[in-house]
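# An overview of the molecular structure
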Amino acid sequence: MGNEASYPEEVCSHFNPDEIKRLGKRFKKLDLDCSGSLSVEEFMSLPELQQNPLVRRVIDIFDTDGNGEVDFREFILGASQFSVRGDEEQKLKFAFSIYDIDKDGYISNGELFQVLKLMVGNNLKDWQLQQLVDKTIIILDQDGDGKISFEEFSAAVGGLEVHKKLVVIV
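Residues numbered from 1 in each chain as written. Predicted model: local features only at pLDDT ≥ 70, side-chain atom pairs only at ≥ 80, totals over all residues. Heavy atoms only, no water.

Core analysis: the largest hydrophobic core is formed by 38 residues, its most contacted members being F75, I98, Y99, I107, L112 and F153. Of all the elements in the fold, those that place two or more residues in this core are α1 (17-30), α2 (40-43), α4 (55-62), α5 (72-80), α6 (88-99), α7 (109-120), α8 (126-140) and α9 (150-157). For this core, the element with the most residues is α6, which contributes six residues. Split by domain, this core shows at least three residues from each of two domains, domain 1 (17-81) and domain 2 (88-164). Among all residues touching I107, those that are not within four sequence positions of it are F96, Y99, D100, L112, I137, K147, I148 and F153. (Core = buried A, V, L, I, M, F, W, Y, C linked by side-chain atoms within 4.5 Å. Buried < 20%, exposed > 50% of the residue type's maximum accessible area, 1.4 Å probe, protein only. Helix = DSSP H or I, 4+ residues; strand = E, 2+ residues; numbered from the N terminus. Domains from an automatic or database assignment. Contact = heavy atoms within 4.5 Å.)

Written out as structure tokens, the structure is:
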């Protein structure tokens, strides 16, 4: 895993050294196979994550190198987005990235459908969910390109104070 204290300050800009040590201990506790990285299964060993339908999307976002696992550096960078010292725009970008599955800078109709399907499960029929998605795109898509940009997303959710809800105390 490497020494938690050896990461450059800018990588961990939202955490102080004590918080990095605590995160290092949590990381090691989660790393059940002592591989130096966390698999989806290891993340899912946390009872509070087992019921979260978006946990796999969050892991995908943390996994910046795309290898299917989260190493300590990715863990720190990902968790940093939830720091109380993180700024509003960074938190909004994280929320946006939950929906921007293909990472092209837009939320398409299909991406919105996929993520909302994860959240609602079978509580809505697919055609009902598709109607909701279509209406949402129509309402939020200010430039008429058929997809939601980060600016359009921010305009829609900015007043909801999402950034205040995306906080983890370390």
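The sites that carry the UniProt feature "domain: EF-hand" (unreviewed entry) are, in the present numbering, residues 18-53, 55-85, 87-122 and 128-163. Summarising residues 18-53: 58% helix, 6% strand, and an end-to-end C-alpha distance of 31 Å. When the span residues 87-122 is considered, its composition is 67% helix and 6% strand, and the gap between its end C-alpha atoms is 35 Å. (UniProt positions renumbered as here; feature names shortened; annotations may be inferred.)

Another aspect to go through is the side chain of D31. Looking at the secondary structure, you find D31 in the loop between α1 and β1 (37-38). Polar contacts involving the side chain of D31 include one to the main-chain amide nitrogen of S35, which spans 3.1 Å. Excluding residues within four positions of it along the chain, D31 makes contact with G36, S37, L38 and E42. (Polar contact = N/O pair within 3.5 Å; in protein donor to acceptor, adjacent residues only side chain to side chain.)

Before going further, it helps to spend a moment on unusual backbone geometry. Even without a glycine there, the phi angle at C34 is positive, about 55°. Topologically, C34 is positioned in the loop between α1 and β1. A positive phi angle is found at K103, which is not glycine, with a value near 55°. Mapping K103 onto the fold places it in the loop between α6 and β3 (106-107).

Mapped onto the fold, K91 is located in helix α6. The spatial distance from the C-alpha of K91 to the C-alpha of Q81 is 6.1 Å, given a sequence separation of 10 residues.

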